[in-house]
Amino acid sequence: MPLNQEQLKQNIISIQDEMINAEDYEASKEIYASRLMLAFYEFLMSGSLNIVGTSAQGAFTGTAKFDG
């Protein structure tokens, strides 16, 4: 499954909207960093890895889901 780029974009826009109204600059930097980190984490976890290869037992295929 491909990574969900549209969801990442919407999450970043949401973070920007939240930051535009922030009054405490120092606190908003912490919030921004935490929210951006979570957005990228969710983005990376939205994908899967297709595995194709060979071994002593023959060819194999599989799909792996990232586990955070």
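It should be emphasised that the depicted structure is a prediction, and the values quoted were computed from it without experimental measurement.

### Considering the packing of helix α1 (residues 5-20) against helix α2 (residues 25-45)
So, step 1. Taken N-terminus to C-terminus, the directions of α1 and α2 make an angle of 170°; their axes are 9 Å apart at the nearest point. As summarised for this structure, α1 and α2 are arranged roughly antiparallel, according to the angle between their axes. The residues of α2 that touch α1, namely those facing Q5, L8, N11, I12, S14, I15, E18 and M19, are S28, I31, Y32, R35, L36, A39, F40, E42 and F43.
So, step 2. Considering only residue class, the contact of α1 with α2 consists of ten nonpolar, four polar and three charged.

### What to know about the environment of Q16
So, step 1. Structurally, the position occupied by Q16 is in helix α1.
So, step 2. Along the chain, Q16 and Q57 lie 41 residues apart, while their C-alpha atoms are 52 Å from each other.

Criteria and cut-off values
- Residues numbered from 1 in each chain as written.
- Predicted model: local features only at pLDDT ≥ 70, side-chain atom pairs only at ≥ 80, totals over all residues.
- Heavy atoms only, no water.
- Axes fitted to C-alpha atoms, helices over the stretch in contact; angles between N-to-C directions.
- Helix = DSSP H or I, 4+ residues; strand = E, 2+ residues; numbered from the N terminus.
- Parallel < 35°, antiparallel > 145°, perpendicular 65-115°, else oblique.
- Contact = heavy atoms within 4.5 Å.
- Nonpolar A, V, L, I, M, F, W, Y, C, P; charged D, E, K, R; others polar.

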